[in-house]
Structure formats: C-alpha cells, structure tokens
Amino acid sequence: MAKRAKAVEAEIASSGESTFFPLDKVQTGIKGLDDISGGGLPRGRTTIVCGGPGCGKTMLGMEFLIRGAEEFNEPGVLVAFEETPQEMQRNVASLGFDVKKLIDRKKLFLDYIYIEPSEIQETGDYDLEGLFIRLQHAVDSVGAKRVCLDTLEALFSGFSNDGVLRAELRRLFRWLKDRNLTTVVTAEKGEKTLTRHGLEEYVSDCVILLDHRIRDQISTRRLRIVKYRGTSHGADEYPFLIDRQGISVLPVTSLRMEHEVSLERVSTGIADLDEMLGGKGIYRGSSVLISGTAGSGKTTMSASFVDAACRRGECCLFVGFEESVSQVARNMSSVGLDLGQWTRKGLLAHEAWRPTQYGIESHLLRIHKLVDEVKPEHLIIDPVTNLTGAGGEEVYSMLVRLLDYLKSRKITAIFTSLTANGSEDLEKSEVGISSLIDTWILCRDLEFNGERNRCVFVLKSRGMAHSNQIREFLMSDQGIRLVPPYIGAERVLTGSSRTAQEAKEKADLLVRQHEIEQRQEALSRKRNALEAQIKMLRADFSAEEQELERIIHQQQARERVLEAERDAMNRVRSGSPESSPDATMTKAAGDGK
Amino acid sequence: MKKKTKPNGKSISNHEPPMKLRLYVAGQTPRSLAALSNLKRICAQHLDGKYELEVIDLIKNPQLGQGDQILAIPTLVRNLPQPIRKIIGDLSNEERVLVGLNLREEQAARSSAPTRKAIGAKL
C-alpha cells in the first residue's frame, strides 16, 4: 500500500513537472502570427481556424503548408473538400506561391474529396475509414508533417448520421495526434458557437478566429487567438492583411520600453536648422514632428532631411499620403532638391497612396512591411494627420506601436502634421502624439504689415540645447534658409519689413562710408596744398638767399678791390720805390692775390 | 426468353447491360464481411445474376478509393447504369439498398408498410 502510494505520488510529481516544460511549437512562417502565438502552432496537435466566409481561413491553411514545405522543410498535405486542386493552385498562384513546383518536388500533396449528398444513400452501419485510408496514403506519399483540412464541415453536409460523424471526428483528431501531424482545420463560424457544428469540442488545443468587418466603408481583417492551451499568447485582436506575399499580422511590439538609444547626431539637411538644434542636428533614431498649417514648408523640410541622409549614403523610406511621388519630386526640384537621383541609386524608397483607400490597420501594416523590406535608416510619413481620416481614435495607439517598433530598430522617424488654421491651436496636435515625439519643430505664420511670413521654431527637443528663436523660413531655388529676423527697437520684423530695414541699414552704412572717404580726400588735398605752399616759400627763400649771397659776394669783392686800391694809393703817396706806379701795381697785384 | 418482372414493374430483359457494382471494404472487418454477404443476398434476390461485382480492399490498394471518392466504409458504388449511386453502410437496410440501386421507388421505401404488397397492388 505504502509503495503504491509512493509510486502514485512520484507519478503526480513527474507529471506536475512536465507541465512546466514549454509546449513544442511549429512555426507557421506567417508574418506576425508566430510572434502573437509565442512561437507558432502546437506541434502534433490540431488548430481550428474559424471565421465567416471570405475571412482568409483557406489562405491561412494553405500558407501554413506552403511555408512549412518551403521554409521549414516540412512537407504537407492539403485535403480540400470544397475546391479542386486546380482552383486552389490558382488562388494561391496570385500570391506568388508556386504550388506546382512543390507538388512536383513531393513537398506538397493536394487531395480533393468531393462529397455529393444526393449521391449517397445510407443503409446501416458505417464508419469513415475511407477517409483515414486516403489521408494515410496522402501523408505517406510525401512524408508529411503538416496537414490542412479545408473544410471539415463538408462532412456534415454529406453524411447525416450525426452520431457516426462525431465519433469519427474524434477518432480523426486522435489519429492525427498519434502520428504527430500538426493540423489546421478550417470551419465556418457559428451563430452562437465558435464553429457551426461545434468542432471545438473535439479540438481544444488551439482556436484562431478570423474576422472581416466593414467599418466606415473600409474593410478590416482581424485575427484573434481565442484559445491556446498550455501557453501564453496575445489575446487581443490583431489586424492583418492579405496581399501579394500572403498573410501579414501586425506584430506585437515590446511592452517594455527597453530600446537602446544612440548618441549620434545627424544633420537635418538645413544648416540653419542644425544650428538651432544645438549646432549638430537631431539624434539618430529619435522621432521628429514637423507641424504647421498648409503651405508652411513641412514637406520641403522633410525632403531636405532625406536629401542630406541619402548624401551620407543612408537609406530612407518616404511614405506620402497627400502627394504622388512625381509631384513631390517636381515640387522639391523647385528648391534645388533632386530626389529622383536617390531613388535611382536605391537609397530612397518613395511610396504614396491615399489614406482613404484602406483602414488604419492596413496602412500601418503596409508601413511595417515596407520597413521590413526596405530596411531604411530613416522613415518619413507625410502627413501623419491624414491617417486620422481613416482611423479615428485608434490612430494614437497604432502610432504608439509604430514609434515603438521604429525605436527598437533605431530608425529615425520624421512625421509631418497638418494643423488647423489659428495660431492658438498649433500646439494642440490633432493626433495627440506630441508627447511621444522627441523633437518638435513648429511652423507658424506671422502676419504683419499686410504680409504673411513663414516662421519656424523648435518647440522642444529632448536631450539637447536648442534655440528659442523664431526664425524666418525662406525657400528659394538655392535651398532653404532660416534667417534670424530683424529685432528692431520695438518689434521683430520679418518679411519685407525686415528686408526694408536691412536695406536701410545698408544704405546708411554706405553713406557713412562715403562721408569718411570724402573727409579723407579733403584732408589729403589740404596736405597737398600745404606742401605746395611750403615748396613755393622755400623756392622764394632760396632765391632770396642766392641773391643775398651774390650781393654779399659782390660786396666782398668790391671791398677787396677797394682795399687794394687804397693800398696802392698809399704806396704811391708814400713815395717808396715800390711806389712807382708799375711797382705798386705789381705789389698790389701781389697783395691782391 | 423468360421475362423477369421485378415487383415494382420494371423488367429486366437480357438486352439490358448488367449492373456494375463495386464494393469498397477495408480489411476483413465484421462490417465489411456483413456488407458483402448482404450484398450477395440482395443481388441474388433482385438482380438474378445480372450484375458484375468487384470487391476492392482499400487497405491493400488505398489509391483506388480516390476515383470514386470513397470516404465511408463500406461503400457500394453502382457505376452502371448511370447515374452513379453510392450506398454506404453494411447494407443491412435492404429497402434503402434497393432504393439506392434504383430497384425501388423512393417513396415506397420511406413508408413503413411492406412495400411489395403495395406495389403489387398497383399492378
């Protein structure tokens, strides 16, 4: 007795431990679904995919098989009860799946079981062994690991014996489980139950509900994991879309804000704006909102950023909701930005579509997909406020998710936002995402003196010193300039008042310069005149001097002559021999020497 | 030539082609064996040899079930005369089998009263 109790205890303990082991899951390969389900569908178990008509159940089942065969090397079997294999192939061929190739390579087996109720007469006891045999044959022929039954409820229309049918269904699911085949079973949604015929009684490992609803004339598809035994899963409704690559489910973003941030600063493409942002520009991987009224230059600013980024060799994705690709390119070329060259070089992916074309979830899904495909370093959405027309109150939560996603990938996000006219409302962004944004650049119009001039200022920029100046925004074919406005005695002048004032100052400056020049000239003239005068005086003086010297000289010469004569006369008078006239003459001549 | 008259008035003449029947079974289960014996009996009683019977064992040849889209076991398929009729079950309900093989009117089989007398009365 004690031994047995111990054995039972041990069993319970061991079974208790086994529930802590994680459930073995099979990846579907369907974008987003593996994230929501925590790794995929349960291995070796059956999953019910239910929904209304046209929800995408068959698509999900088929994609599960095809991707299993192509990506995970798990061959699959599709047993179709409603469409022929050719029809099936055609349906998925439009999605780019080459089913025929998989069939040829023995990775996929398409079986079509046709049940025509009018043909069948029930006489006595029977079971559905034929189905099992068929299934076994199909599974053996390709070595399948995955099975899709679409749709099992066709059996209910073919065979009226409910009791037999239910017993056989139970047997079927056990059969699939015994062979460790991961199965997807599609079913129509019932009125009050998940499936019309209550299949969920037998299959309770995992149930996925697909929904396709129309709201405001726009269709949205949603997916919900109603039940997934043994694992935690996202229990919300997730929007998904079906496009050329199959099904994509909007991925779950991490709920914890554990993003890595970058310290690197990148230029906005406008030198003056970089100056206003601490001199270096914005942080890489941050989010920027450029808001303003119509025509305030938001698209142009974002295009400048793109230009600068592409010049650095960084890939950009530009999503436009207002203007077509060619229109933006044309408009930007008028300010000297050639976006076409970056598109050609593959550095810019430029997509545009109308916001009213899809629901909000589809927009965001498309953006997600583009981001995954293109792997840009910067994403521009112009404008983000157009999405409110498509989505309403959900836009905020969707944008939160998108921003989260972008931050986790360190992708810089630039959103432009169109605000209503009226200067007070400019800071009340319609979408209300301003608290999520790191840098907010506001474009405001100043009206003064019969003119309206565009001004730009940085409302906030987290993590850096930024200017609080309101600068005038000027666009020309040489690009964008943010000119500091003239701060006059009483007011700030912008526009033509500023240019007028600047012109006036320039003129004043010129006049002053002119004056100085004139004075200098006058001075030099005077100097010249003065010098000329001096020269003349000197000349006069030297002439006089010369005259005087000549006179002196003459005088001296006369004096000497006179002296000599006097001497001579004295000698003559004294009667000495020497006083003979010849002698005196020679003596005088000798004295005179 | 003896004219064989069936109780509902249809006659089988020797000019009519024989009925082509195929019985799908899965192994030697009691149900399959019961179906086979029931079938042989019904054929002996009503078809008087004017039939061709093929017994296919899907366990041995699984792919043969694909052509006739066999899901239930046992299934009796009547290929000729057209249209193709499928009768599933161990064939214990003789009335239904005969209706299925188009050897009896549908309404008559549905009613609980013995049919032979009723139809005989019609004649």
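Below, the structure is looked at part by part. (Residues numbered from 1 in each chain as written. Chains lettered and ligands numbered in written order. Predicted model: local features only at pLDDT ≥ 70, side-chain atom pairs only at ≥ 80, totals over all residues. Heavy atoms only, no water.)

### Quick notes on the overall build of chain B
Regarding its fold elements, chain B presents five helices and six strands. Along chain B, helices and strands appear, N-terminal first, in the series β-β-β-α-β-α-β-β-α-α-α. Classification of the 123 residues of chain B by burial places 43% in the buried group. A total of about 6,800 Å² of accessible surface is found on chain B, and carbon and sulfur atoms cover 52% of it. (Helix = DSSP H or I, 4+ residues; strand = E, 2+ residues; numbered from the N terminus. Buried < 20%, exposed > 50% of the residue type's maximum accessible area, 1.4 Å probe, protein only. Areas by Shrake-Rupley, 256 points an atom, 1.4 Å probe, with all protein chains shown as cover.)

### Re the packing of aromatic side chains
All names here are of chain A. If you walk through the whole model with that rule in mind, you get three aromatic pairs over all chains. A ring pair is formed by Phe321 and Trp353, whose centres lie 5.5 Å apart and whose planes are at 85°; its orientation type is edge-to-face. In this pair, Phe321 sits in the loop between strand S16 (316-320) and helix H11 (325-333) while Trp353 sits in the loop between strand S17 (348-352) and helix H13 (360-374), placing the two residues 32 residues apart along the sequence. With respect to class, Phe321 is no different from Trp353; both count as buried. Here Arg265 stacks its cationic end above the ring of Tyr283, 4.9 Å away from the centre of that ring. The ring of Trp353 has Arg366 sitting right over it, with the charged end atom 4.2 Å from the ring centre. (Phe/Tyr/Trp six-rings, centres within 6.5 Å; stacked < 30°, edge-to-face > 60°. Lys NZ or Arg CZ within 6 Å of the ring centre and 35° of its normal.)

### Side note on the sheet that holds strand S7 (residues 146-150) of chain A
Sheets are built from strands paired through backbone hydrogen bonds, the pairs being either parallel or antiparallel. Residues and elements named next belong to chain A. Taking strand neighbours across the sheet as the criterion, the nine strands line up as S5-S4-S7-S8-S3-S9-S10-S11-S12 in an open arrangement whose pairing is mixed. In the strand order of this sheet, the two ends are held by strand S5 (108-112) and strand S12 (246-249), each with one partner. Across the sheet, the axes of successive neighbouring strands diverge by a mean angle of 20°, strand direction being ignored. Judged from the five bridges that link them, strand S3 (residues 46-51) and strand S9 (residues 206-215) form a sheet pairing that is parallel. What sits directly across from Ile48, in S9, is Val207. Sheet contacts for helix H3 (residues 57-71): S3, strand S4 (76-80), S5, S7, strand S8 (182-188), S9, strand S10 (218-228), strand S11 (237-243) and S12; angle to S7, the most-contacted strand, approximately 160°. Where H13 meets the sheet, its contacts fall on S9, S10, S11 and S12, and the angle it forms with S11 comes to roughly 65°. (Pairing = 2+ DSSP bridges. Axes fitted to C-alpha atoms, helices over the stretch in contact; angles between N-to-C directions. Contact = heavy atoms within 4.5 Å.)

### Notes on the interface of chain A and chain B
Each partner contributes residues to the interface: chain A has 24 residues there, and chain B has 29 residues. Overall, the association of chain A and chain B removes approximately 2,200 Å² of surface from exposure, summing both partners, and the carbon and sulfur fraction of that is 55%. Counting every contact that joins chain A to chain B gives one salt bridge. With a shortest N-O distance of 3.0 Å, Arg31 of chain B and Asp127 of chain A are connected by a salt bridge. (Buried area = accessible area lost by both parts, 1.4 Å probe. Salt bridge = Lys/Arg side-chain N within 4 Å of Asp/Glu carboxyl O.)

### Remarks on the pairing of strand S20 (residues 439-448) of chain A
All names here are of chain A. Sheet topology places strand S15 (residues 287-292) next to S20; five bridges connect them, and they run parallel. Among the inter-strand pairings, Gly292 is bridged to a residue of S20, identified as Cys443. Sheet topology places S20 next to strand S21 (residues 451-461); ten bridges connect them, and they run antiparallel. What sits directly across from Asp445, in S21, is Arg454. Between S20 and S21, which pair antiparallel in sequence order, lie two residues; one of them, Asn449, sits at a positive phi of approximately 60°.

### So, the sheet that holds strand S6 (residues 85-88) of chain B
Pairing is mixed in the open sheet, where five strands are placed in the order S6(A)-S6(B)-S5(B)-S3(B)-S4(B). Sheet topology places strand S6 (120-122) of chain A together with strand S4 (51-57) of chain B at the edges, where each strand pairs with a single neighbour. Ignoring which end each strand starts from, the neighbouring axes of this sheet average 20° apart. Both strand S5 (residues 75-80) of chain B and S6 of chain B contribute to a ladder of four bridges, which runs antiparallel. Counted as the bridge partner of Arg78 of chain B is Arg85 of chain B from S6 of chain B. Here helix H1 (residues 30-47) of chain B sits on the sheet in contact with strand S3 (19-25), S4 and S5 of chain B, set at roughly 165° to S3 of chain B.

### Details of the packing of helix H6 (residues 129-142) of chain A against helix H8 (residues 162-178) of chain A
Helix-helix packing is described using two parameters, namely the angle between the two axes and the distance between the axes. Residue and element names in this part refer to chain A. Running from N to C, H6 and H8 cross one another at 20°; their axes reach a closest spacing of 11 Å. Between H6 and H8, the interaxial angle falls into the category roughly parallel. The element H6 and its partner H8 pack so that their crossing is right-handed. Where H6 abuts H8, its residues Glu129, Phe132, Leu135 and Gln136 lie against Glu168, Arg171, Leu172, Trp175 and Leu176. Broken down by class, the residue content of the contact of H6 with H8 amounts to five nonpolar, one polar and three charged. (Parallel < 35°, antiparallel > 145°, perpendicular 65-115°, else oblique. Left-handed = near helix turned anticlockwise from the far one by under 90°. Nonpolar A, V, L, I, M, F, W, Y, C, P; charged D, E, K, R; others polar.)

### With respect to the pattern of salt bridges
All names here are of chain A. Scanning all chains against the criterion turns up 32 salt bridges over all chains. Of the charged contacts, one joins Glu129 and Arg171 as a salt bridge, the two residues approaching to 3.0 Å between their closest N and O atoms. Here Glu129 is found in helix H6, whereas its partner Arg171 is found in helix H8, with 42 residues between them in sequence. Its relative accessible area of 28% is what places Arg171 among the partly exposed residues. Here Glu377 and Arg284 are joined by a salt bridge, their closest N and O atoms 3.2 Å apart. Of this pair, Glu377 sits in the loop between H13 and strand S18 (378-382) while Arg284 is found in the loop between strand S14 (282-283) and S15, placing the two residues 93 residues apart along the sequence. Given a relative accessible area of 13%, Arg284 falls into the buried group.

### Concerning H8 of chain A
All names here are of chain A. End to end, H8 covers 24 Å across 17 residues, agreeing with the expected 24 Å (1.5 Å per residue, within 8%). Among all positions of H8, only Val164, Leu165, Glu168, Leu169, Leu172, Phe173, Trp175 and Leu176 are buried. Along the long axis of H8, the arc covered by the buried residues comes to 160°, so they all point the same way. Where H8 is buried, its residues touch S3, H6, S7, helix H7 (154-158) and S8. (Expected span 1.5 Å × (residues − 1). Arc of directions from axis to C-beta.)

### Notes on the layout of surface pockets
Residue and element names in this part refer to chain A. Each pocket or cavity is described by its volume, and for the largest pocket that value is around 460 Å³. Elements with a contribution of two residues or more to the lining of the largest pocket: S10, S11 and H13. Sorting elements by how many residues they give to the lining of the largest pocket places H13 first, with seven residues. Of the residues belonging to the lining of the largest pocket, the class tally is seven nonpolar, six polar and eight charged. (1 Å grid on protein atoms, 1.4 Å probe; cavity = no way out; pocket = protein on both sides within 12 Å on 5 of 7 lines; lining within 4 Å. Points joined across faces, edges and corners; volume = space filled by probe spheres on them.)

### Regarding the nonpolar core
Residues Leu152, Leu155 and Phe159 of chain A are the most contacted members of the largest nonpolar core, which totals 43 residues. Of the residues forming this core, the biggest block, seven residues, is contributed by H8 of chain A. (Core = buried A, V, L, I, M, F, W, Y, C linked by side-chain atoms within 4.5 Å.)

### Topic: the state of the cysteines
Residue and element names in this part refer to chain A. Taken as a whole and judged by the stated rule, the model has zero disulfides over all chains. Cysteine Cys50 remains unbridged, with the sulfur of Cys55 as its closest cysteine sulfur at 9.2 Å. Judged by relative accessible area, which is 0%, Cys50 ranks as buried. The class of Cys55 is buried, set by a relative accessible area of 3%. (Disulfide = S-S within 2.5 Å.)

### Description of unusual backbone geometry
Residue and element names in this part refer to chain A. In the segment running from Asp150 into Thr151, the intervening peptide bond is cis, with an omega of -5°. Of note, Thr151 is situated in the loop between S7 and H7. Cis geometry marks the peptide bond from Asp382 to Pro383; its omega dihedral reads -15°. Among the secondary structure elements, Pro383 is positioned in the loop between S18 and helix H14 (387-391).

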